[in-house]
Amino acid sequence: MKFRALALLAAAVIAGGLPAAPAHAGDVQGPACADFVGASGVYRSDSTLSILVDLADASCRAVRYTLVILDEAGSTEPLQEITLSGDGTTSSVGFNTTVGDDDSQICVYVLSTAGNGPHVFDRGPDTGCELVQREEGTAGGKHFNFL
């Protein structure tokens, strides 16, 4: 299965779907467009979550960027997953959603993957998730940075 995913990735590079440049320095296992270099967000009192993830290079159309929202640290079953495709021009990916959680705490992480395949290029944070506390009664919400 791994071999098939890597073969499909190589075909995408040859066809121009991903840049053929070497991987960006750091922990990414793929092109620079899949490398997370920073992220910030806000979790508002109305349960709206907005996260902007910065990439080492312009996003790639053949890469999928996924935000995984967990109920709390240590959870294994996601509350929500949002997957976006790159647009090939911007060096960031923005996620906006209303979180359906019954308390004020969630935990989030992001993934970049090869299309719909199982190969993960990068994960942020590298392990676990970023614990985010919603602050009730604040108009701006709780701001946070991770990665």
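The model shown is predicted, which means the values in this text are computed figures rather than measured ones.

A. Structural detail: the state of the cysteines. Within the structure shown, the criterion is met by two disulfides. Through a disulfide, Cys 33 is tied to Cys 60; the S-S separation comes to 1.9 Å. Between Cys 33 and Cys 60 the sulfur-sulfur dihedral comes to about -105°; the bridge is accordingly left-handed. Placement of the pair is Cys 33 in the loop between α1 (2–14) and β1 (36–43) and Cys 60 in the loop between β2 (48–55) and β3 (63–70), with a sequence separation of 27 residues. Here Cys 107 pairs with Cys 129 through a disulfide, and the sulfurs are 1.9 Å apart. In this structure the cystine formed by Cys 107 and Cys 129 twists about its S-S bond by roughly 95°; its chirality is therefore right-handed. Of the two residues, Cys 107 sits in strand β6 (residues 105–114) while Cys 129 sits in the loop between β7 (120–124) and β8 (130–133), which places them 22 residues apart along the sequence. When its relative accessible area of 0% is taken as the criterion, Cys 107 is described as buried. Among the cysteines of the protein that take part in disulfides, numbered as they appear in the sequence, the pairing is 1-2, 3-4.

B. Representation of the environment of Leu 111 in the model. Looking at the element boundaries, Leu 111 is found in strand β6. With 12 residues separating them along the chain, Leu 111 and Arg 123 place their C-alpha atoms 4.6 Å apart. Aside from chain neighbours lying at most four places away, what touches Leu 111 is Phe 36, Arg 64, Tyr 65, Thr 66, Val 68, Val 120, Asp 122 and Arg 123.

Rules of the game
Residues numbered from 1 in each chain as written. Predicted model: local features only at pLDDT ≥ 70, side-chain atom pairs only at ≥ 80, totals over all residues. Heavy atoms only, no water. Disulfide = S-S within 2.5 Å. Helix = DSSP H or I, 4+ residues; strand = E, 2+ residues; numbered from the N terminus. Buried < 20%, exposed > 50% of the residue type's maximum accessible area, 1.4 Å probe, protein only. Contact = heavy atoms within 4.5 Å.

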